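# What the coordinates show
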Amino acid sequence: MRTLLLAMLVGATLVGTARADDSLENLVGPRELAVGEAMRGGSTGSSAIGMNPAGLGLNRELVFEGGYGYRGVDSTSLFGVSACDSTAGVPGCFFYSYAGENPELGGMTMSRTTHVGGLAMSRPITPRILLGSSVKYFHFDSQMPTDTSTSGFTFDLGLTLRMTDLINLGLAGYNLWGAESAQFPRALGGGLQAHPIPSLTMSFDSRWRLVGPDEKARYGGGLEYFLRGGENGYPLRAGVLHDNNTKGTYVSGGIGMASIKWGIDLAARREVAGGKELIMMASMRFYGPREPAPALDSSF
């Protein structure tokens, strides 16, 4: 009985720190992490995979990306690779991610692993309206007694509205149908992204889980300032995130370097209220052909 109670307590703690949201948390990259997960209104490339697949049509580029992250609270390693081509008539991304967690239970180190692979696609309806979807296959395996190992397919949908040249709105639904799993819950997210000046991007996002009796919402916002130096650019990012379910508040920041052919992004997030979580992430991108972004017109 004592062991069972301990297992239940530890399992509840893991859920409380958002570890049950694998598909919602582990697909976040360093750029999204740095700005408080607030990129649903303007996600492109690999950022669109976990944020909003409709954003793949916002630019015209071929990009290959690989990244790594580490979360110390449960000794989690995160790996991700993607190949995204938005120069085609139907922009799309192939992607794969892996999360390996090592939580402790009763003084013993346990194991939880999550594999996710799939395809994200976007379709411009007009220059102002973009629709997107993704299909994912996941396999979750755990030694924790409070978990159930699961696998199957699940689907996301996304919408991006280019309101003006300066403002985008984004809406996405995650795991809306397919295999059911506590680690891949249904959720909705929405966000606003604005460019008050060409070198500054401001964003604010919210995300709500649609399952469970408790209020499970996350609110985040961030800034990105793009410094230019010669042929290279240097994005500086900062953000804040709050989770109503865990009562956690996080501050984040990141830097990067971007050239015509490649780019590097580094980011870190620290929990300043409700816990002590620290996560660090890095990624590198390599670009193929790039074209100007599609122009707006006066109609929807």
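Fair warning: this is a prediction, and the values are worked out from it, not measured in the lab.

### Comments concerning the overall build of the protein chain
For the protein chain, the helix and strand inventory stands at four helices and 16 strands. Scored against the burial criterion, the 300 residues of the protein chain give a buried share of 51%. Surface summary for the protein chain: the accessible area is close to 13,400 Å², and the carbon and sulfur share equals 65%.

### Concerning the packing of aromatic side chains
Applying the stated criterion across every chain, the model contains five aromatic pairs. Geometrically, the ring pair formed by Phe 138 and Phe 184 is stacked, given 4.1 Å between the ring centres and 20 degrees between the ring planes. Of this pair, Phe 138 sits in strand β7 (residues 129–142) while Phe 184 sits in the loop between β9 (167–178) and β10 (187–197), and the two are 46 residues apart along the sequence. Given a relative accessible area of 0%, Phe 138 falls into the buried group. Site record: aromatic cluster; members linked through ring pairs are Tyr 68, Phe 79 and Tyr 98. A cation over an aromatic ring shows up here: Arg 269 above the ring of Tyr 250, its NZ or CZ 5.0 Å from the ring centre.

### Structural notes on empty space enclosed by the protein
Going through the model one piece at a time under the given rule, you end up with seven cavities of 30 Å³ or more. Roughly 300 Å³ of volume is contained in the largest cavity. Leu 27, Val 28, Gly 29, Gly 80 and Val 81 are the residues nearest the centre of the largest cavity, which is lined by 25 residues in total. Counting residues per element, the ones that place at least two in the lining of the largest cavity are α3 (30–34), α4 (47–50), β1 (60–71), β2 (76–85), β3 (92–101) and β16 (278–291).

### Side note on unusual backbone geometry
Excluding glycine, residues mostly have negative phi values, and the peptide bonds linking residues are mostly trans. We note that Asn 175 has phi near 55 degrees; this positive angle belongs to a residue other than glycine. Relative to the helices and strands, Asn 175 resides in strand β9. Classification of Asn 175 by relative accessible area gives buried; the value is 4%. Although it is not a glycine, Lys 247 sits at a positive phi angle of roughly 60 degrees.

### Notes on the layout of surface pockets
The calculated volume of the largest pocket comes to roughly 1,300 Å³. Lining the largest pocket we find 48 residues, and of these Thr 44, Asn 59, His 195, Thr 201 and Glu 224 sit closest to its centre. Elements with a minimum of two residues in the lining of the largest pocket: β1, β9, β10, β11 (200–209), β12 (217–229), β13 (232–243) and β16. For the lining of the largest pocket, the element with the highest residue contribution is β12, accounting for five residues.

### Thoughts on the environment of Asn 59
Examined against the element boundaries, Asn 59 turns out to sit in the loop between α4 and β1. Counting along the chain gives 17 residues from Asn 59 to Gly 42, while the straight-line C-alpha distance between them is 9.9 Å. When residues no more than four places from it in sequence are discounted, the contact partners of Asn 59 are Thr 44, Ser 86 and Ala 293. A polar atom in the side chain of Asn 59 sits 3.1 Å from the side chain of Ser 86.

About the cut-offs
- Residues numbered from 1 in each chain as written.
- Predicted model: local features only at pLDDT ≥ 70, side-chain atom pairs only at ≥ 80, totals over all residues.
- Heavy atoms only, no water.
- Helix = DSSP H or I, 4+ residues; strand = E, 2+ residues; numbered from the N terminus.
- Buried < 20%, exposed > 50% of the residue type's maximum accessible area, 1.4 Å probe, protein only.
- Areas by Shrake-Rupley, 256 points an atom, 1.4 Å probe, with all protein chains shown as cover.
- Phe/Tyr/Trp six-rings, centres within 6.5 Å; stacked < 30°, edge-to-face > 60°.
- Lys NZ or Arg CZ within 6 Å of the ring centre and 35° of its normal.
- 1 Å grid on protein atoms, 1.4 Å probe; cavity = no way out; pocket = protein on both sides within 12 Å on 5 of 7 lines; lining within 4 Å.
- Points joined across faces, edges and corners; volume = space filled by probe spheres on them.
- Contact = heavy atoms within 4.5 Å.
- Polar contact = N/O pair within 3.5 Å; in protein donor to acceptor, adjacent residues only side chain to side chain.

Spatial relationships are all this shows, so hold off on functional conclusions.
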